[in-house]
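Residue strings, one per chain:
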Amino acid sequence: MWRFVVQNLSKTPNRSLSALTNQYHQSHKQRHYCLIFSCDISGSGLGSASSPSLSIWRRKKEMSKEGLIAAKELKRLQTHLVRLDRFIKSHVSRLLKSDLVSVLVEFQRQDQVFLSMKLYDVVRKEIWYRPDMFFYRDMLMMLARNKKVNEAKLVWEDLRREEVLFDQHTFGDIMRAFLDNGLPSEAMDIYDEMRRSPDPPLSLPFRVILKGLIPYPELREKVKDDFLELFPDMIVYDPPEDLFEDQDWRKDSEDD
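As the structure is a prediction and not an experimental result, all values here were calculated from the model. (Residues numbered from 1 in each chain as written. Predicted model: local features only at pLDDT ≥ 70, side-chain atom pairs only at ≥ 80, totals over all residues. Heavy atoms only, no water.)

## Quick word on the UniProt feature "repeat: PPR" (unreviewed entry) in the protein chain
Item 1. According to UniProt, the positions carrying the feature "repeat: PPR" (unreviewed entry) are residues 167–201.
Item 2. Taken as a whole, residues 167–201 contains 74% helix and 0% strand, while its terminal C-alpha atoms sit 9 Å from one another. (UniProt positions renumbered as here; feature names shortened; annotations may be inferred. Helix = DSSP H or I, 4+ residues; strand = E, 2+ residues; numbered from the N terminus.)

Okay, here's the thing in structure tokens:
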């Protein structure tokens, strides 16, 4: 304390000894509370409360050495189911949360459906797991890319049980992924879920969906009618009629 007083007295000689002593105690008390509550002591105040953390499924994923080793071994063992399950119980379940997340994300990026589903089950059993819209979105987008309908239905049932709600933009993105990969029936099931959602409808997701429905004119007309009913002041720009004819010709050629 006396070192603090002497240093500040030399800088501000007009201040009294008692004032400098009070300043020291106030500063010391502030630092003590900040150490307890991990607050920001910069400036004159104690700092504001920290903002809610970003979802772990939206953060940048960097894999550690342990994560890389686990990912490599999982890929090596995926054709040996007994050894694979044993490795998951003995090693994967002991990975840090950040490593487990990053390995799953990497398998999704590589379209490793089987291993992604394995880690999907592991993640949902972790003590830190919380239902998350982005977790389910990434799984469904990966399954759509690989045309895995049965797995997508299982994931959708899980998110229903956990009462996960997608926003309108996410509904549009997922539905578009199914449409772009030739799964219109599954896409329309998702559309029905979107229409039942308590989230207020937005025009942009509808436009994304309408564009994805160009190869499916009948389905597009249904969504178009809903769009015009919800947004009567907006206009839908239809593609030229010969584009639909070209799509029909291609389908007939594929059937032949």
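Structure shown, so let's carry the discussion forward.
## Topic: the pattern of salt bridges
Item 1. Tallied over the full model, the rule gives 16 salt bridges.
Item 2. Where Glu 193 meets Arg 160, a salt bridge forms, and the shortest distance between an N and an O atom there is 2.0 Å. In this pair, Glu 193 is assigned in helix α10 (residues 184–196) and Arg 160 in helix α8 (residues 149–161), connecting sequence segments 33 residues apart.
Item 3. As a salt-bridge pair, Asp 238 and Lys 224 come within 2.7 Å of each other at their nearest N and O atoms. One end of the pair, Asp 238, is in the loop between α12 (217–230) and α13 (241–255); the other, Lys 224, is in helix α12, and 14 residues separate them in sequence.
Item 4. The class of Lys 224 is buried, set by a relative accessible area of 13%. (Salt bridge = Lys/Arg side-chain N within 4 Å of Asp/Glu carboxyl O. Buried < 20%, exposed > 50% of the residue type's maximum accessible area, 1.4 Å probe, protein only.)

## Re the environment of Met 141
Item 1. Topologically, Met 141 is positioned in helix α7 (residues 133–145).
Item 2. The sequence separation of Met 141 and Arg 176 amounts to 35 residues, and the corresponding C-alpha distance is 9.3 Å.
Item 3. Those residues in contact with Met 141, other than ones at most four positions away along the chain, are Asp 173, Ile 174 and Ala 177. (Contact = heavy atoms within 4.5 Å.)

## Side note on the nonpolar core
Item 1. Leu 74, Val 92, Leu 119, Tyr 136, Phe 166 and Met 175 are the most contacted members of the largest nonpolar core, which totals 61 residues.
Item 2. Counting residues per element, this core draws most heavily on α7, which supplies nine residues.
Item 3. When sequence neighbours within four positions are dropped, the list of residues in contact with Met 175 reads Ala 187, Met 188, Ile 190, Tyr 191, Ile 209 and Leu 213. (Core = buried A, V, L, I, M, F, W, Y, C linked by side-chain atoms within 4.5 Å.)

## Observations regarding the packing of α8 against α10
Item 1. Interaxial distance between α8 and α10 falls to 12 Å at its minimum, and their mutual angle equals 15 degrees. Relative to α10, α8 is oriented roughly parallel. Remark: the crossing between α8 and α10 carries left-handed chirality. Contacts between α8 and α10 involve Val 149, Trp 156 and Arg 160 from the first element and Glu 186, Ile 190, Glu 193 and Arg 196 from the second.
Item 2. Looking at the contact of α8 with α10, its residues break down into three nonpolar, no polar and four charged. (Axes fitted to C-alpha atoms, helices over the stretch in contact; angles between N-to-C directions. Parallel < 35°, antiparallel > 145°, perpendicular 65-115°, else oblique. Left-handed = near helix turned anticlockwise from the far one by under 90°. Nonpolar A, V, L, I, M, F, W, Y, C, P; charged D, E, K, R; others polar.)

## Observations concerning α12
Item 1. End to end, α12 covers 20 Å across 14 residues, agreeing with the expected 20 Å (1.5 Å per residue, within 8%).
Item 2. Among all positions in α12, only Arg 220, Val 223, Lys 224, Asp 226 and Phe 227 are buried. Along α12, the residues classed as buried sweep out an arc of 165 degrees about the axis, all on the same side. Set apart from the buried face of α12 by more than 90 degrees, the exposed residues are Glu 218 and Glu 229. (Expected span 1.5 Å × (residues − 1). Arc of directions from axis to C-beta.)

## Let's talk about the side chain of Gln 108
Item 1. Here Gln 108 lies in helix α5 (residues 97–109).
Item 2. Discounting chain neighbours no more than four positions away, the residues touching Gln 108 are Ser 116, Asp 138, Met 139, Met 142 and Arg 145.

## Overview of unusual backbone geometry
Item 1. Positive phi outside glycine occurs at Asp 111, with the angle close to 60 degrees.
Item 2. On the secondary structure map, Asp 111 appears in the loop between α5 and α6 (113–125).
Item 3. Phi angles above zero are rare outside glycine, and Lys 147 is one such case at about 55 degrees.
Item 4. When you line up the elements, Lys 147 lands in the loop between α7 and α8.

## Describing helix α9 (residues 168–180)
Item 1. Here α9 is 13 residues long and its end C-alpha atoms lie 18 Å apart, about the 18 Å a rise of 1.5 Å per residue gives.
Item 2. Burial in α9 covers these residues: Gln 168, Thr 170, Phe 171, Gly 172, Ile 174, Met 175, Ala 177, Phe 178 and Leu 179.
Item 3. Buried positions along α9 lie against α7, α8, α10 and α11 (203–212).
Item 4. Where α9 begins, one side-chain oxygen reaches toward the backbone nitrogen of His 169, 3.3 Å away; that side chain belongs to Asp 167. (Polar contact = N/O pair within 3.5 Å; in protein donor to acceptor, adjacent residues only side chain to side chain.)

## A look at the environment of Met 194
Item 1. Among the secondary structure elements, Met 194 is positioned in helix α10.
Item 2. When its relative accessible area of 3% is taken as the criterion, Met 194 is described as buried.
Item 3. Between the alpha carbons of Met 194 and Thr 170 there is a distance of 9.6 Å; along the sequence they are 24 residues apart.
Item 4. In this view, Met 194 contacts Gln 168, Phe 171, Pro 205, Phe 206 and Ile 209; residues no more than four positions away in its chain are not counted.

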